[in-house]
Amino acid sequence: MSEIMLARQPIFDAHSNTVAYEILYRSVDSQLQCASRLGDVELTAQVLSNVLNEMGMASLSEQHELFFNISRDFLLSDYPSLLPAGQSVLEVLEDVEVDTNVIEAIQAWKNKGYTIALDDFVSIANDQARLIRYADIVKVDLLALPEGHLEPMVKSLRQYPVKLLAEKVETQEMYEQCKALGFDYFQGYFICKPKLMVSKSLPSNKLQVLQLLDRTLRAESTTELQFDITHDLALSYKLLKYINSAALGLRTRIDSIPHALNMLGIKNIRLWLSIILLSSFSQDKPPELMIIALSRGRFLELWAEKYGSATLKNDYFVLGMFSTLDALLDQDLYAITDNMSLPASVSSGLFDLDSCEASALELICAIELAAWDDVARLAQHLDTPENQLSALYVESTVWADARLKALM
């Protein structure tokens, strides 16, 4: 049985809240067709088995709907019944040949409670358009549309009772345009990019947090951070809540800040404070951006421990977190970090594109985008077994989801 690689891409509503995830996948077996456009029924069924049994659908979905790309053969089989109705979206690929059998199958799955989406929709006049009246969601591929065709297409689709999903939304400007046209859902990594690349000063409250973050990275002992934490009621409360949480499993309750700091040690305090401080920047941002920051950090930490430099795993965690700092602050990343005491490996990862750290960061970003050719190239470059990446990725996303809940 071949190894499977998975990626999870968020789908947002008009308020940038995550409402669903699309599960993209490929086989690591070079003998099989490798893409998210898979026609192999058994391979698709294997993906579903992995998601449901090994990884846990609840862990990957966080109670949101999951979108799955399905081929004609899969649609006409009994395999979709493996998925829970009411939480699963069957995404019919754009190259599915439309005939009576396909239409009847779509109607049958809808009657059983499944949501039907049409993938990569680009024309109201093609064969795929015959399925609009049977679909619940139409995914419009923004990058495949000729210039000037988006607004007329939206007007044509509005005559049908379907929800519209804009996919491959790459910038905030594209998001705002689609939002103005009345799209219901949005998919793409526009949230990972700054709204504005401006040089104006940060607000004083965010500047103070950034300065504390710098002191956190500089600190070589917990006593250097004791004053900042004890004089910040919110940080003191969060630290004591964390140290006494079930996750740490301490037998006796800790009520003293110095005691808590000594228990955790400087490396753990640096990581904990980095998470807390970066999360304070995300209050006016989509929650998914913080999940991405956390999952990148955790993925790079796990990767460094297994395949990179284990002694630098904490720095790799910070690198993953900091890779979203420009989007969190809507500022140029170099300008934000210019006066910060970044660890050398973090600085290399952010600014030296030829470094090992930058390649590792590029690897997790490629997995997020399901850019499978880039994933294969980077895995080989980093001497990392490609068939182990899915386990690292799933572990990091599940960890990030749980960590964000703990912060809220």
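Residues numbered from 1 in each chain as written. Predicted model: local features only at pLDDT ≥ 70, side-chain atom pairs only at ≥ 80, totals over all residues. Heavy atoms only, no water.

Comments concerning the layout of surface pockets
- As a volume, the largest pocket reaches approximately 1000 Å³.
- Taken together, 39 residues form the lining of the largest pocket, with Tyr189, Lys193, Cys365, Glu368 and Leu369 sitting closest to its centre.
- Elements represented by at least two residues in the lining of the largest pocket include exactly strand E2 (18–27), strand E5 (115–121), helix H15 (344–351) and helix H16 (356–368).
- Looking at which element gives the most residues to the lining of the largest pocket, the answer is H16, with six residues.
- Roughly 660 Å³ of internal volume is contained in the second largest pocket.
- Sorting the residues of the lining of the second largest pocket by element identifies helix H9 (233–243), helix H10 (257–281), helix H11 (287–306), helix H12 (313–322) and helix H18 (389–407) as the ones contributing at least two each.
- Per-element tally for the lining of the second largest pocket: the top contributor is H10, with seven residues.
- Partitioned by chemical class, the residues of the lining of the second largest pocket number 13 nonpolar, three polar and seven charged. (1 Å grid on protein atoms, 1.4 Å probe; cavity = no way out; pocket = protein on both sides within 12 Å on 5 of 7 lines; lining within 4 Å. Points joined across faces, edges and corners; volume = space filled by probe spheres on them. Helix = DSSP H or I, 4+ residues; strand = E, 2+ residues; numbered from the N terminus. Nonpolar A, V, L, I, M, F, W, Y, C, P; charged D, E, K, R; others polar.)

Let's talk about empty space enclosed by the protein
- Taken as a whole and assessed by the stated rule, the structure comprises one cavity of 30 Å³ or more.
- Around the largest cavity, the lining residues are Arg8, Pro10, Tyr189, Glu288, Ile291, Ile292, Ser295, Glu368, Tyr393 and Thr397.
- The set of elements that each furnish at least two residues to the lining of the largest cavity consists of strand E1 (4–12), H11 and H18.
- Here the lining of the largest cavity gets four residues from one element, more than from any other, and that element is H11.
- Of the residues contributing to the lining of the largest cavity, the split by class is five nonpolar, two polar and three charged.

Points about a nonpolar patch on the surface
- Taken together, the side chains of Leu248, Leu250 and Met263 define a hydrophobic patch exposed on the protein surface, amounting to about 220 Å² of accessible area.
- You can see Leu248 is positioned in the loop between H9 and H10.
- A relative accessible area of 32% places Leu248 in the partly exposed class. (Patch = residues over 30% accessible without salt bridge, like charges linked within 9 Å, V, L, I, M, F, W, Y side chains within 5 Å. Areas by Shrake-Rupley, 256 points an atom, 1.4 Å probe, with all protein chains shown as cover. Salt bridge = Lys/Arg side-chain N within 4 Å of Asp/Glu carboxyl O. Buried < 20%, exposed > 50% of the residue type's maximum accessible area, 1.4 Å probe, protein only.)

Some thoughts on the packing of H10 against H11
- Remark: H10 packs on H11, axes separated minimally by 10 Å, with the N-to-C direction vectors making an angle of 160 degrees. Comparing their axes, H11 and H10 come out roughly antiparallel. Helix-helix and strand crossings are classified by hand; for H10 and H11 the assignment is right-handed. Along the contact surface, H10 presents Leu271, Ile275, Leu278 and Ser279, while H11 presents Met290, Leu294 and Glu301.
- Class assignment for the residues of the contact of H10 with H11 results in five nonpolar, one polar and one charged. (Axes fitted to C-alpha atoms, helices over the stretch in contact; angles between N-to-C directions. Parallel < 35°, antiparallel > 145°, perpendicular 65-115°, else oblique. Left-handed = near helix turned anticlockwise from the far one by under 90°. Contact = heavy atoms within 4.5 Å.)

Brief notes about the sheet that holds E2
- Overall, mixed pairing links the eight strands, which are arranged E1-E2-E3-E4-E5-E6-E7-E8 in a closed barrel. Neighbour to neighbour, the strand axes of the sheet diverge by 30 degrees on average, direction disregarded.
- The pairing of strand E6 (residues 137–141) with strand E7 (residues 163–167) spans five bridges and is classified as parallel. Bridging across to E7, Lys139 finds its partner in Leu165. (Pairing = 2+ DSSP bridges.)

Things to note about the packing of aromatic side chains
- Evaluated as defined, the whole model comprises nine aromatic pairs.
- Between Phe12 and Phe190 the ring centres are 5.5 Å apart and the planes differ by 70 degrees, which places this aromatic pair in the edge-to-face class. Taken together, the residues span a long stretch of sequence, with Phe12 in strand E1 and Phe190 in the loop between strand E8 (185–187) and helix H7 (204–218) at a distance of 178 residues.
- A relative accessible area of 0% means that Phe12 is categorised as buried.
- Ring geometry for Trp303 and Tyr316: centres 5.6 Å apart, planes at 55 degrees, overall tilted. (Phe/Tyr/Trp six-rings, centres within 6.5 Å; stacked < 30°, edge-to-face > 60°.)

With respect to H9
- For H9, the full list of buried residues reads Leu235, Ser236, Leu239 and Ile243. Taken down its axis, H9 places every buried residue within 100 degrees of arc, on the same side. Exposed side chains of H9 directed beyond 90 degrees from the buried face belong to Leu233 and Tyr237. (Arc of directions from axis to C-beta.)

Focus on the packing of H12 against H15
- It is at 8 Å that the axes of H12 and H15 come closest, and there the two elements cross at 35 degrees. The handedness of the crossing between H12 and H15 comes out as right-handed. Here Asp315, Val318, Leu319 and Phe322 of H12 lie close against H15, whose contacting residues are Ser345, Val346, Gly349 and Leu350.
- When its residues are assigned to classes, the contact of H12 with H15 shows five nonpolar, two polar and one charged.

Some remarks on the pattern of salt bridges
- With the rule as written, the count across this model stands at 22 salt bridges.
- In this structure, Lys168 engages Asp141 in a salt bridge whose closest nitrogen and oxygen atoms are separated by 2.9 Å. Note that Lys168 is positioned in the loop between E7 and helix H6 (172–180) and Asp141 in strand E6, a separation of 27 residues in sequence.
- Residues joined by salt bridges that share partners form a network here, namely Glu22, Glu91, Lys139 and Glu167.

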